[in-house]
Amino acid sequence: PYKVVGDHGIGPEAGDDKGGVVAAVFAMRILQQLRYHDFARITLILNSNEETGSFGTRHFIRAKATDSDVVLNLERGVPPDGVLVSRKGSAVITVEVTGRAAHAGLEPEKGRNAVIEASHQALQLGSLADLSRQTTVNVTMIRGGSVSNVIPDHAVVTADMRALSADEFDRVERDLPKLTGNMIVPDVQVKASMTRDFPPWARVASTDALFARAQRLYNEIGGTLTAVS
């Protein structure tokens, strides 16, 4: 459970992202104490559903971001004083295999093993990655079968895909059906799809200019920021 020891808050999510919430609240409090008003408006959004994709709040956040000159995300930083100036986008790849059930002991030859095909699909999904472009595709879940004595007729493979550019998402989505069309178990059906969760945040000149300004301010109190991509 969460607890306070001295001046440290310790417990689940203390670093990600209670720390960011505390930083935001104290920054607002300091501005009030200093009676600093040289700005039009500061909007502080505390979002409780980011880990599940910000569904329900995503459009609200985008609208507020579009209305703002500058947006800072106070999610945990990179020790000791790193600031993210770009970030990969993410997507979920799902490969669903439908085979044919049969008794594993009496007539296995009548079955079409969905788990075997799913395993094959899982092994080849990694070829969609392109490390030269920092595009990754990693299998994270595989599910199939229900009992130990039946050839499984259904299996699902899930993979995490991340990339720095929209073009890479387009490429992977375009090549996915071609890849999954390569099957090793006859008479199975393979259905593949890709759901884009977050778009890539590319490094741009406006971000670099904001970082340079933050660097100058941080230098005034003896610190040095590091740009992290």
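Residues numbered from 1 in each chain as written. Predicted model: local features only at pLDDT ≥ 70, side-chain atom pairs only at ≥ 80, totals over all residues. Heavy atoms only, no water.

K.L.:
Tell me about the sheet that holds strand β4 (residues 89-98), and please be specific about residues and values.
P.N.:
Read across the open sheet, the four strands follow the order β6-β8-β4-β9; overall the sheet is antiparallel. Because the sheet does not close on itself, it has two edges, and the strands there are β6 (136-144) and β9 (189-198). Looking at each pair of strands side by side, their axes are set apart by 20 degrees on average, direction ignored. The pairing of β4 with strand β8 (residues 154-163) spans ten bridges and is classified as antiparallel. Following the sheet pairing, I93 is matched in β8 by A159. Sheet contacts for helix α3 (residues 114-125): β4, β6, β8 and β9; angle to β8, the most-contacted strand, approximately 10 degrees. (Pairing = 2+ DSSP bridges. Helix = DSSP H or I, 4+ residues; strand = E, 2+ residues; numbered from the N terminus. Axes fitted to C-alpha atoms, helices over the stretch in contact; angles between N-to-C directions. Contact = heavy atoms within 4.5 Å.)

K.L.:
Any chance you could break down the packing of aromatic side chains for me, citing the residues and the numbers?
P.N.:
Applying the stated criterion across every chain, the model contains one aromatic pair. Ring geometry for Y36 against F39: centres 6.3 Å apart, planes inclined by 25 degrees, an arrangement best described as stacked. Residue F39 is classed as partly exposed on the basis of its relative accessible area of 36%. Residue placement shows R29 over the ring face of F26; its charged tip is 4.9 Å from the ring centre. Sitting above the plane of the F198 ring, R58 keeps its charged end 5.3 Å from the centroid. (Phe/Tyr/Trp six-rings, centres within 6.5 Å; stacked < 30°, edge-to-face > 60°. Buried < 20%, exposed > 50% of the residue type's maximum accessible area, 1.4 Å probe, protein only. Lys NZ or Arg CZ within 6 Å of the ring centre and 35° of its normal.)

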